[in-house]
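Here is how the chains run, residue by residue.
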Amino acid sequence: MTGATNTTTFRTAIVPAAGLGTRFLPTTKAVPKELLPVVDTPGIELVAAEAAEAGAQRLVIVTSPEKKSVVDYFDGKPELEDTLERKGKTALLEKVRRAPGLLDVEVAIQEQALGLGHAVAQAAPNLTETDDAVAVLLPDDLVLPTGVLTKMAEVRARHGGSVLCAFDIPKDQISPYGVFDVSDTDDADVKRVHGMVEKPAPEDAPSTYAAAGRYLLDRAIFDALGRIEPGSGGELQLTDAVALLIAEGHPVHVVVHRGGRHDLGNPGGFLRAAVDFALDDPEYGPSLREWLTERIGTSGS
């Protein structure tokens, strides 16, 4: 990404993190959902690391006034770091310094939760004239392995416009998703988008390509967000703004990601992510695998 022109890359990533986390109550009365640890690393750090890996230099966290701790997490902690350094706890010191060293973090405040489009729009004042495109990463979605944003940037460099991430979902499981109406390109994993249908019945789905929580959006999205009408509950939907751009001839493509995904937005998905990450951890993995095998073996007795 380094050295690419401003029209083909991005330097700013936006992470909407203003939600109430109601599915994790009562924990989220005090601890923001985005700071719950996947093993020992909060989801917000995993997403920030993904953005930095793809070339982002700046992260704008869109959050509510009550969730300042999400942004504070990326601040340095000199006293803690000094203590760890004095005690020779080098590995812990590296972990503590990891998040603040990823990229520059700013905050944008969303006073009311009025939809994903509204959340993204709150980041507009944080942008500079060099931000021709921005990445949007939903912190509830872990897209594995990382790297899809880099491919999305390559597609934008080739085709222009905006690029979204999609998963190929079996048709009988497609109904909970936003589904893209697409046509092929010369790359089997890159599709031109002509429209989108929210939560269709399987027989009405225009394809099997469902939206995931990664977007690389042309700066024009902010103008479109200012021209769409709120939907139910007064919410501004990002997909409505993308649909408006498509209708006006703005090129939109999806990159079909062939890897995995974890949904951190509900306790069941969060637990699966934690187990998955823990099994790959050299410290916790072997004993956890042994315990799980024993536990599952005795669960029916």
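Since we're looking at a predicted model, the values are computed, not measured.

1. Things to note about the overall build of the protein chain
Here comes step 1: Per the secondary structure count, the protein chain includes 10 helices and 13 strands.
Here comes step 2: Scaling as 2.2 N^0.38, a compact globule of 301 residues should have a C-alpha radius of gyration of about 19 Å, and the protein chain matches this with 20 Å.
Here comes step 3: C-alpha extents for the protein chain along the principal axes are approximately 60 × 55 × 40 Å.
Here comes step 4: The buried share of the protein chain, reckoned over its 301 residues, is 44%.
Here comes step 5: Look at the contacts in the protein chain between residues 6 or more apart in sequence, and 75% of them connect residues 24 or more apart.

2. Description of the pattern of salt bridges
Here comes step 1: According to the stated counting rule, one finds 20 salt bridges in the structure shown.
Here comes step 2: Ionic pairing is found between Asp-218 and Arg-156, a salt bridge with its closest N-O pair at 3.0 Å. Note that Asp-218 is positioned in strand β11 (residues 209–218) and Arg-156 in helix α6 (residues 148–159), a separation of 62 residues in sequence. In this pair, the class of Asp-218 matches that of Arg-156, namely buried.
Here comes step 3: The salt bridge involving Asp-168 is made with Arg-258; its shortest N-O contact spans 3.4 Å. With Asp-168 in strand β8 (residues 162–168) and Arg-258 in the loop between β12 (252–256) and β13 (260–263), this residue pair connects regions lying 90 residues apart in the sequence.

3. Regarding the confidence of the model for the protein chain
Here comes step 1: Summarising the model, the protein chain shows a mean pLDDT of 92, and 96% of its residues fall at 70 or more.
Here comes step 2: Predicted confidence for residues 1–8 stays below pLDDT 50, and this span has 12 contacts to residues more than four positions away or in other chains.

4. Quick word on the pairing of strand β9 (residues 178–184)
Here comes step 1: Two strands pair when backbone bridges link them, and β9 and strand β10 (residues 190–198) are joined in this way by 7 bridges, in the antiparallel orientation. Bridged to Gly-178 within β10 is Glu-198.
Here comes step 2: The hairpin turn running from β9 into β10, its antiparallel successor, is 5 residues long.

5. Here we look at the side chain of Lys-67
Here comes step 1: With respect to the helices, strands and loops of the structure, Lys-67 is situated in the loop between β4 (58–63) and α2 (68–72).
Here comes step 2: The class for Lys-67 is buried, based on a relative accessible area of 7%.
Here comes step 3: Sequence-distant contacts of Lys-67, defined by excluding residues within four places in its chain, comprise Ala-17, Ala-18, Gly-19, Pro-32 and Glu-34.

6. Notes on the UniProt feature "domain: Nucleotidyl transferase" (unreviewed entry) in the protein chain
Here comes step 1: According to UniProt, the "domain: Nucleotidyl transferase" (unreviewed entry) feature falls on residues 13–276.
Here comes step 2: The distance from the first to the last C-alpha atom of residues 13–276 is 26 Å, and the span holds 30% helix and 27% strand.

7. Let's talk about the packing of aromatic side chains
Here comes step 1: This structure, assessed with the given rule, holds 2 aromatic pairs.
Here comes step 2: Aromatic pair Phe-24 and Phe-270: ring centres 5.8 Å apart, planes at 75 degrees, arrangement edge-to-face. With Phe-24 in the loop between β1 (12–16) and β2 (37–38) and Phe-270 in helix α9 (residues 267–279), this pair connects stretches of sequence that are 246 residues apart.
Here comes step 3: Taking the relative accessible area as the measure of exposure, Phe-24 reaches 10% and is therefore buried.

8. Brief notes about the packing of helix α3 (residues 78–86) against helix α4 (residues 90–98)
How two helices sit against one another is set out by the angle between their axes and by the gap between those axes.
Here comes step 1: Where α3 contacts α4, the axes come no closer than 9 Å and their chain directions differ by 160 degrees. Classed by the angle they form, the pair α3 and α4 counts as roughly antiparallel. Like other packed secondary-structure pairs, α3 and α4 cross with a definite hand, here left-handed. In this structure, α3 contributes Leu-80, Glu-81, Leu-84 and Glu-85 to the contact, and α4 contributes Leu-92, Leu-93, Val-96 and Arg-97.
Here comes step 2: The residue makeup of the contact of α3 with α4, split by class, is 5 nonpolar, no polar and 3 charged.

9. As for the nonpolar core
Here comes step 1: Ranked by internal contacts, the top residues of the largest apolar core, which has 46 residues, are Leu-59, Leu-137, Met-152 and Leu-216.
Here comes step 2: Residues contacting Leu-137, with those up to four places away along its chain left out, are Ala-13, Ile-14, Val-15, Pro-16, Val-47, Glu-50, Ala-51, Leu-149, Gly-213 and Arg-214.
Here comes step 3: One finds Val-62, Tyr-209, Leu-236 and Leu-245 within the second-largest nonpolar core, a separate group that totals 34 residues.

10. Topic: unusual backbone geometry
A negative phi angle characterises most non-glycine residues, just as the trans form characterises most peptide bonds.
Here comes step 1: Along the chain, Leu-25 connects to Pro-26 via a cis peptide bond; the corresponding omega equals 10 degrees.
Here comes step 2: Between Leu-144 and Pro-145 the backbone carries a cis peptide bond, its omega angle lying at -10 degrees.
Here comes step 3: Relative to the elements of secondary structure, Pro-145 occurs in the loop between β7 (141–144) and α6.
Here comes step 4: Not every positive phi belongs to a glycine, and Val-39 is a case in point at roughly 65 degrees.
Here comes step 5: Of the residues examined, Val-39 reaches a relative accessible area of 30% and is grouped as partly exposed.
Here comes step 6: Although it is not a glycine, Lys-199 adopts a positive phi angle of roughly 50 degrees.
Here comes step 7: Within the secondary structure, Lys-199 sits in the loop between β10 and β11.
Here comes step 8: Accessibility expressed as a relative area gives 58% for Lys-199, which makes it exposed.

What counts, and at which threshold
- Numbers given to residues run from 1 along each chain, matching the order in which its sequence is written.
- For this predicted model, a pLDDT threshold of at least 70 governs which residues receive local features, and a threshold of 80 or more governs which side-chain atom pairs are given and counted, while totals over whole chains, interfaces and linings are taken from all residues.
- Each side-chain value is derived from all of the structure's non-hydrogen atoms; neither hydrogens nor water enter the calculation.
- Elements are defined by DSSP. Helices are runs of H or I of four residues or more, strands are runs of E of two residues or more, and each kind is numbered from the N terminus.
- For the radius of gyration, the atoms used are the C-alpha atoms, and the globule rule reads 2.2 Å times the number of residues raised to 0.38.
- Throughout this description, buried means an accessible area under 20% of the type-specific maximum (1.4 Å probe, protein chains only), exposed means over 50%, and partly exposed covers the range between.
- Any two residues whose heavy atoms approach within 4.5 Å are treated as being in contact.
- Here a salt bridge means any side-chain nitrogen of Lys or Arg lying within 4 Å of a carboxyl oxygen belonging to Asp or Glu.
- Every residue carries a pLDDT, the predictor's confidence in it, which falls somewhere between 0 and 100.
- Two strands are said to pair when DSSP picks up at least two bridges between them.
- UniProt positions are given in the numbering used here, feature names are shortened, and annotations may be inferred rather than shown by experiment.
- Any Phe, Tyr or Trp ring, taking Trp's six-membered ring, that has another such ring centre within 6.5 Å forms a pair; planes under 30 degrees apart are called stacked, those over 60 apart edge-to-face, and the others tilted.
- Under this scheme, a helix contributes an axis fitted over its contacting stretch, all axes are lines through C-alpha atoms, and angles between N-to-C directions fall in the 0 to 180 degree range.
- Angle categories are assigned with fixed cut-offs, so that under 35 degrees is roughly parallel, over 145 is roughly antiparallel, 65 to 115 is roughly perpendicular, and the rest are oblique.
- Handedness of a crossing is defined here by the sense of rotation of the near helix relative to the far one, left-handed for an anticlockwise turn of less than a right angle and right-handed for a clockwise turn.
- Nonpolar residues are Ala, Val, Leu, Ile, Met, Phe, Trp, Tyr, Cys and Pro. Charged residues are Asp, Glu, Lys and Arg, and all others, Gly as well, are polar.
- The criterion is simple. A nonpolar core is a set of buried Ala, Val, Leu, Ile, Met, Phe, Trp, Tyr and Cys residues joined through side-chain atoms within 4.5 Å.

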